[in-house]
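Working through the structure, step by step
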Amino acid sequence: MASIQFENISKSFGDTKVLKNINLEIKEGEFLVLIGPSGCGKSTSLRMIAGLENVTSGEILIDGKYVKDVDPSKRDIAMVFQNYALYPHMSIFENMAFGLKLRKVSKQEINQKVNEVAKLLKIESYLDKKPKELSGGQRQRVALGRAIVREPKIFLFDEPLSNLDAKLRQEMRVEIKKLHSLLKTTMVYVTHDQTEALTMGDRIAVMKDGEIVQLDSPQNLYDSPQNQFVASFIGSPQMNFISGEIIELNNQKLFKAKEIELLIDSRHHQFKKLNSGHVTMGLRPEHIYDQYFSEIENDQSKFKAKTVFLENLGASFIAHLEVKGVSLVAQFNRNTKLEIDKDMKVIIDMMQSYFYDIKSGELL
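Summary of the structure given here. Note that the coordinates shown come from a computational prediction; the quantities given were computed from them, not determined experimentally.

Before going further, it helps to spend a moment on unusual backbone geometry. Note the cis peptide between Ser236 and Pro237, where omega equals 0 degrees. Along the chain, Pro237 turns up in the loop between helix H8 (228–233) and strand S11 (240–249). A positive phi angle, close to 50 degrees, is found at Glu151, a residue other than glycine. Along the polypeptide, Glu151 turns up in the loop between helix H4 (136–149) and strand S7 (154–158). Residue Glu151 is classed as exposed on the basis of its relative accessible area of 55%. With phi around 50 degrees, Asn250 is a residue other than glycine that occupies positive phi space. Inspection of the secondary structure assignment puts Asn250 in the loop between S11 and strand S12 (252–257).

Here it is as structure tokens:
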């Protein structure tokens, strides 16, 4: 296990700034996920830890030691890539044993380690085959096995599941998390898939334009997004965002958008920070309820909604609604009676809403 620190790390390619003054501490044995859209700097961060990219300014420390001048081969790091990076002319056994042979490990020890890890990953029957004879999921297991036999201090994963189908991705997510529990090694995992991030990470660093915009546990990121970007990036279906204004009237606060007026309860988590003016309100689809499946009895939160479009997910429905001129997406359970172009009554749970600065997108 090893800790990793970024101290004021910046990275540029010519005039293009890819990373901007990143400070980050990854704890020993932690599973940290870097997530963000393409071009945000997450893979570059991973490659700098591995020593495959030079730092423009700042320092990276591994186990408290500066590694700027440490060769990649001396950092005791294993990296698993999106494209598996297996040698096509070698057998699976030879691929897994390659790193150990370079370190001049004895044949007996190589045999023992490769066979143990192959058994762990359920690929022992493929050891004599070539990579082209294996499926994508099997090849990814081989790439994992090659990394594990080296017993590195740090594992780096660069979108390792993006080439797999949905079922295999789910299986491999479970396998990688099981491995982390078993090996207790520091793991840094890059993905653009929020499901992978939420289900795998001890903590998640959400990146945008070369910066970390929020670093927190999966649950805190979901429950307390500190800016509109994180709120939109984490959660599926995506959070609803409604432009409107806060109105203070007779010691009460209302949110008004087109014809909708919503009372903001004094117990709301942002109540004291809300002043008159234009804001963006965020509301997750699961916090819009069918009136028959809600315990909220406040009539001021109840509205007539028209169903414009439906997505049937089997266990639930994603409903695209029009509520007094405002478009909303809601998620209802399978017992809700829904018909396109028909009206229904919905309840908006204002206690679960978020308010963001209309210009900066930061939580008020």
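Applying the stated rule across the entire model yields eight aromatic pairs. Ring plane angle 35 degrees and centroid distance 5.5 Å describe the contact between Phe157 and Tyr189, whose orientation is recorded as tilted. Remark: Tyr189 occurs in strand S8 (residues 186–191) and Phe157 occurs in strand S7; sequence separation between them is 32 residues. Given the relative accessible area of 0%, Tyr189 is considered buried.

Bringing the packing of helix H2 (residues 92–102) against helix H3 (residues 107–120) into the picture now. Between H2 and H3, the shortest axis-to-axis distance is 10 Å and the interhelical angle comes to 130 degrees. Considering their axes alone, H2 and H3 lie oblique with respect to each other. Both H2 and H3 take part in a crossing whose hand is right-handed. Where H2 approaches H3, its residues Phe93, Met96, Ala97, Leu100 and Lys101 are matched on the opposing element by Ile110, Asn111, Lys113, Val114, Asn115, Val117 and Ala118.

Okay, the pairing of strand S17 (residues 316–323) next. Counting buried positions along S17 yields six of eight residues, so the element is predominantly enclosed. Two successive antiparallel strands, strand S16 (residues 302–312) and S17, enclose a turn made up of three residues, where Gly314 displays a positive phi of approximately 90 degrees. In this structure, S17 lies alongside strand S18 (residues 326–333), joined through eight bridges in antiparallel fashion. By the bridge assignment, Ser316 is partnered in S18 with Asn333.

Below, the discussion takes up H3. Relative to the 20 Å expected for 14 residues at 1.5 Å per residue, H3 spans 20 Å between its end C-alpha atoms, a close match to the ideal helical length. All buried positions along H3 are accounted for by Ile110, Lys113, Val114, Val117 and Ala118. With its buried residues spanning 125 degrees around the axis, H3 presents them on a single face. Seen from the buried face of H3, the exposed residues on the opposite side, beyond 90 degrees, are Gln108 and Lys119. Elements in contact with the buried residues of H3: H2 and H4. Positive backbone phi, at 60 degrees, marks Lys122, one or two positions downstream of H3.

The rules behind these values
- Residues numbered from 1 in each chain as written.
- Predicted model: local features only at pLDDT ≥ 70, side-chain atom pairs only at ≥ 80, totals over all residues.
- Heavy atoms only, no water.
- Helix = DSSP H or I, 4+ residues; strand = E, 2+ residues; numbered from the N terminus.
- Buried < 20%, exposed > 50% of the residue type's maximum accessible area, 1.4 Å probe, protein only.
- Phe/Tyr/Trp six-rings, centres within 6.5 Å; stacked < 30°, edge-to-face > 60°.
- Axes fitted to C-alpha atoms, helices over the stretch in contact; angles between N-to-C directions.
- Parallel < 35°, antiparallel > 145°, perpendicular 65-115°, else oblique.
- Left-handed = near helix turned anticlockwise from the far one by under 90°.
- Contact = heavy atoms within 4.5 Å.
- Pairing = 2+ DSSP bridges.
- Expected span 1.5 Å × (residues − 1).
- Arc of directions from axis to C-beta.

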